[in-house]
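So the chains spell out like this:
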Amino acid sequence: MTDDPPVSWQSLRARTSARIGLARAGNTISGAAVREFQFAHVRARHAVSATLDARRLNLPQPCIEVESQAADRAEYVRRPDLGRQLSAAGRERLPHGQYDVVFVIADGLSAMAAERQGAAVLAVVRPLLADWRIAPLVVAHRARVALGDEIATCLGARCVVMMIGERPGLRCAESMSLYMTWNPHVGMRDSGRNCISNIHGHGGLSAMAAANSLAWLLKTARMRGYSGVNLKDETCIIEHGAGQDQKAVATDGREE
Amino acid sequence: MSYHAFLGGEKFRFSSLKQVLAYASPYRTGDELAGVAAPDPLQRIGAREALANIPLRTFLDEVPVPYETDEVTRLIIDSHDTTAFAPVAHMTVGDLRDWLLHHETDGATLAALAPGLTPEMVAAVSKLMRNQDLVSVARKITVRTAFRNTQGLPGRMGSRLQPNHPVDSLPGIAASMLDGLLLGVGDAVVGINPASDNMANARDILHMLEGVRVQYDIPMQTCLLTHVTNTLQLMERNAPVDLVFQSISGTQEANAGFGISLSVLSEAHMASQSLGRGTVGTNTMYFETGQGSALSANAHHGMDQQTAEVRAYAVARAFSPLLVNTVVGFIGPEYLYDGKQIIRAGLEDHFCGKLMGLPMGCDVCYTNHAEADQDDMDSLMMLLCTAGINFLIAVPGSDDIMLNYQSLSYHDIQTLRSLFGVRAAPEFETWLAAHDLIDARGRMRVNSPDILARMIPCDD
């Protein structure tokens, strides 16, 4: 016994990419929708195993490539501790200097996300930071968010912005998050970071909006001298769903 | 203090109670990551033998995190009820396991015992129990709570409706919420994880949820799952806050990683109590937990992740929550690798929460980097339903498009209601019937244009 979704679900579906108004078979979901779901799951599993290729970023400036201590994707997934530490060779590639901020494009759990969104955000945010001393761009492989703390320490940067691939979802396997950390140091708590998440081209936050939010966060953090849960986003949202979008990590235990 | 056991002529030695607990845990990646797992399966069974012979009183003397430096330990020790403990005070962990399963040990006995058990005792006994034992004992325990409806009644199972949206679009959230309500989900709570921590945005979401609830006069509660300090501000600004949410963990340091302490939870608890918004009850707190959160914050103090998890339940029970759930598979394969580990952890968390006296629910879920799929979730949801779980979380079509992971579908709640005869909270069920959303056998009517049109007359 199945029932085709009624016409009016069409208009509701225009408001969200969520799987609403699915046709049913008795209590449960129709077979066609179940098979589509299984297809999406396999695709997302593929995204997890993909690797980041710096050449595909089409960067206007040279970058420094580093990697964590995780040897491959399989070890990366199982050992987040290794993903938070730079390899010895990677550390040597980061010359110490004096910078206000370092941007890091990192694969995280979706290299595709970093490839598609990273350079786009960077292109918008850099001109907004005219008086900032910006470190050379770093591209990090097999990286967790906290790897940025060590990168910033090596480079002598007061702030790090990790632009990292989120865990892939069924609707979108290329969503990126930005983690901004003021005064980063190895072993610091996640409550000291601010996050802008869900940056992607399938109804997520646009690179433009994310970059504007990020610029606000950076300027406010520099003014107050801190980042994290105490830095609350008080900007007003002009158009709902298109405005600022951030969340402090570790507020719901659902990080990365 | 050191512990030992003899098995097959071999002596197994353990350096501390913490090590016995960790080694006795079923294999999981998170304990290996922490470097606390048993080095081999023989030592694991050796640890279980040693653990079975340890008197329960030992757990009051040898605490895994120092009393002086950890407020969670202080809470556990200072609130321990020796009178409630008396019936089992003479037992070892092994004795307790068998006693829990006795026919004579009923729900009332277990409810009276709860304040006498520390989280470490509860974690310990769970390590000596097979999956069916975790189900059998949990099923005896009833934990009733209430706000605008009554959760935890025998023969009932609640559900949280989770209509998340990647950019917190109000029409998007509303569409997912409507889908859930038409499928009879949401009596435990309509709870949204916001994509943004923007305060104006938070207020808008709360007002939208409140608007729907009031317009349709739905006996349910709503919640925005934002940081407790945000919710405190929202309450100060008179936003319609039903429940205060917070993620919690089992050590002071891990909670600091979440940006919280017992005092801020206490402040929020009192503030929410003073609002007086509940109609049939006064439980105003909602907590989420999950194995691995302490290690994730580098604050596990050498404990295995399951023991650390149960200590979070001691934090939860200090605030008489309406709802508590473990987000069992969300944390990822570095903590719970596959379907087998997720299922075991879900059953442990539910059992331990119930034995501690909590209204325990579960987010039956997994991520795309874990070795698990929807078949594993089917197994866990049916096991938890058999175990008498208070509530489960459901999202549209199992796919959370904001948090990018898979949970149960609204439909799964219907499947469980049909398979196990469990019903929604009575007040909510009455509402479903009044709107003709359920048929004569209590099944949700298959969505049809007329139901949609009746509920939402105009498409704005």
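Going by the annotation in an unreviewed UniProt entry, the name recorded for chain B is Ethanolamine ammonia-lyase large subunit, with Komagataeibacter rhaeticus given as the source organism. Within the UniProt record for chain B, the comment given under Pathway (unreviewed entry) is "Amine and polyamine degradation; ethanolamine degradation." Listed in UniProt under the heading Subunit (unreviewed entry), the comment for chain B reads: "The basic unit is a heterodimer which dimerizes to form tetramers. The heterotetramers trimerize; 6 large subunits form a core ring with 6 small subunits projecting outwards."

In the annotation of an unreviewed UniProt entry, chain A is listed under the name Ethanolamine ammonia-lyase small subunit and assigned to Komagataeibacter rhaeticus. Here chain A is described in UniProt, under the heading Subcellular location (unreviewed entry), as follows: "Bacterial microcompartment". The record held by UniProt for chain A lists under Sequence similarities (unreviewed entry) the comment "Belongs to the EutC family."

Thoughts on the overall build of chain B
When helices and strands are counted, chain B shows 22 helices and 15 strands. Relative to the 2.2 N^0.38 estimate, which gives 23 Å for 460 residues, the radius of gyration of chain B is 22 Å and therefore close to what a compact globule would have. Dimensions of chain B along its principal axes, counting C-alpha atoms only, are 75 × 45 × 45 Å. Here chain B holds 460 residues, and 66% of them are scored as buried.

What about helix 15 (residues 262–275) of chain B?
An α-helical turn contains 3.6 residues, so a residue and the one three or four places further along point in the same direction. Residue and element names in this part refer to chain B. Taking 1.5 Å per residue, 14 residues should reach 20 Å; helix 15 reaches 20 Å between its end C-alpha atoms and fits that length. Listed as buried for helix 15 are Leu262, Val264, Leu265, Ala268, His269 and Ser272. Buried residues of helix 15, seen end-on, are gathered within an arc of 160 degrees and therefore sit on one face of the element. Relative to its buried face, helix 15 has exposed residues pointing more than 90 degrees away, namely Ser263, Met270 and Ser274. Elements in contact with the buried residues of helix 15: helix 5 (71–78), helix 13 (228–236), strand 8 (244–247), strand 9 (285–289) and helix 17 (305–317). Within two residues after helix 15, Gly276 carries a phi angle of roughly 60 degrees, on the positive side.

Observations concerning the packing of helix 9 (residues 119–126) of chain B against helix 18 (residues 339–355) of chain B
Residues and elements named next belong to chain B. Taken N-terminus to C-terminus, the directions of helix 9 and helix 18 make an angle of 140 degrees; their axes are 10 Å apart at the nearest point. On the basis of their axis angle, the class for helix 9 and helix 18 is oblique. Of the two elements, helix 9 crosses helix 18, and the hand of that crossing is right-handed. Where helix 9 approaches helix 18, its residues Val122, Ala123, Val125 and Ser126 are matched on the opposing element by Arg344, Phe351, Cys352 and Leu355. Of the residues contributing to the contact of helix 9 with helix 18, the split by class is six nonpolar, one polar and one charged.

Remarks on the pairing of strand 10 (residues 323–326) of chain B
Here is the key point about a regular strand: its side chains alternate between the two faces of the sheet. All names here are of chain B. Of the two faces of strand 10, the one holding Leu323 and Asn325 and the one holding Val324 and Thr326 are both buried throughout. Looking at chain direction, strand 9 and strand 10 are connected through four bridges and run parallel. Each bridged residue has a counterpart across the sheet, and for Thr289 the counterpart in strand 10 is Thr326. For strand 10 and strand 11 (residues 360–362), the ladder comprises three bridges, and the chain directions are parallel. Across the sheet, the residue bridging to Thr326 is Cys362, located in strand 11. In terms of handedness, the path from strand 10 via helix 18 over to strand 11 forms a crossover that is right-handed.

A look at the interface of chain A and chain B
Counting residues at the interface gives 68 residues for chain A, matched by 85 residues for chain B. Approximately 6,100 Å² of surface area, both sides summed, lies buried where chain A meets chain B, with 52% of it carried by carbon and sulfur atoms. Run the count over chain A and chain B and you get four salt bridges. Put simply, Arg19 of chain A and Asp399 of chain B hold a salt bridge, and the shortest N to O gap is 2.8 Å. Counting the contacts that link chain A with chain B gives 14 residue pairs in polar contact (both at pLDDT 80 or more). Elements with a minimum of two residues in the side of chain A that touches chain B: helix 1 (8–13), strand 3 (28–29), helix 2 (31–49), helix 3 (73–78), helix 4 (80–83) and strand 9 (193–199) of chain A. Top element by residues in the side of chain A that touches chain B is helix 2 of chain A. It accounts for five residues. Across the side of chain A that touches chain B, the residue classes break down as 22 nonpolar, 24 polar and 22 charged.

Observations concerning the confidence of the model for chain A
The share of residues in chain A with pLDDT of 70 or more is 88%, and the mean pLDDT across the chain is 86. For the stretch residues 236–256 of chain A, pLDDT sits under 50, and the model shows 90 contacts to residues farther than four places along the chain or on other chains.

Observations concerning the nonpolar core
One finds Leu51, Leu100, Phe351 and Leu392 of chain B to be the most contacted residues of the largest nonpolar core, which totals 140 residues. Formed jointly, this core draws a minimum of three residues from each of two domains, domain 1 (1–138) and domain 2 (143–433) of chain B. Ignoring anything within four residues of it in the chain, the contact list for Leu392 of chain B reads Met157, Gly158, Ser159, Arg160, Cys362, Val364, Met381, Leu384, Leu408, Ile413 and Leu416 of chain B. Ranked by size, the runner-up nonpolar core spans 38 residues in total, among them Leu52, Ile105, Ala111 and Val139 of chain A.

Focus on the UniProt feature "binding site: adenosylcob(III)alamin" (unreviewed entry) in chain A
Residues and elements named next belong to chain A. In the UniProt entry, the feature "binding site: adenosylcob(III)alamin" (unreviewed entry) is given for Val145, Glu166 and Cys195. The named residues occupy 51 residues along the chain; their greatest pairwise C-alpha distance, 11.7 Å, places them in one compact cluster. Positionally, Val145 belongs in the loop between strand 6 (137–141) and helix 7 (147–155). Relative to the helices and strands, Cys195 resides in strand 9. Overall, Cys195 belongs to the buried group, its relative accessible area being 1%.

With respect to the pattern of salt bridges
Pairing between side chains of opposite charge can happen when their charged atoms approach one another. All told, the structure shown has 34 salt bridges over all chains when counted by the stated rule. Here Arg55 of chain A ties to Asp53 of chain A by a salt bridge, and the two come within 3.1 Å at their closest N and O atoms. Among the residues examined, Asp53 of chain A registers a relative accessible area of 18% and is labelled buried. The closest approach of N and O atoms between Asp242 of chain B and Arg277 of chain B, which form a salt bridge, is 2.9 Å. With Asp242 of chain B in the loop between helix 13 and strand 8 and Arg277 of chain B in the loop between helix 15 and strand 9, this pair connects stretches of sequence that are 35 residues apart. Several salt bridges converge on common partners, so that one network encompasses Arg148, Glu210, Arg213, Asp242 and Arg277 of chain B.

So, how was this worked out
Residues numbered from 1 in each chain as written. Chains lettered and ligands numbered in written order. Predicted model: local features only at pLDDT ≥ 70, side-chain atom pairs only at ≥ 80, totals over all residues. Heavy atoms only, no water. UniProt positions renumbered as here; feature names shortened; annotations may be inferred. Helix = DSSP H or I, 4+ residues; strand = E, 2+ residues; numbered from the N terminus. Rg over C-alpha atoms; globule rule 2.2 N^0.38 Å. Buried < 20%, exposed > 50% of the residue type's maximum accessible area, 1.4 Å probe, protein only. Expected span 1.5 Å × (residues − 1). Arc of directions from axis to C-beta. Contact = heavy atoms within 4.5 Å. Axes fitted to C-alpha atoms, helices over the stretch in contact; angles between N-to-C directions. Parallel < 35°, antiparallel > 145°, perpendicular 65-115°, else oblique. Left-handed = near helix turned anticlockwise from the far one by under 90°. Nonpolar A, V, L, I, M, F, W, Y, C, P; charged D, E, K, R; others polar. Pairing = 2+ DSSP bridges. Right-handed = clockwise from strand over helix to strand, strands pointing away. Buried area = accessible area lost by both parts, 1.4 Å probe. Salt bridge = Lys/Arg side-chain N within 4 Å of Asp/Glu carboxyl O. Polar contact = N/O pair within 3.5 Å; in protein donor to acceptor, adjacent residues only side chain to side chain. pLDDT = per-residue confidence, 0-100. Core = buried A, V, L, I, M, F, W, Y, C linked by side-chain atoms within 4.5 Å. Domains from an automatic or database assignment.

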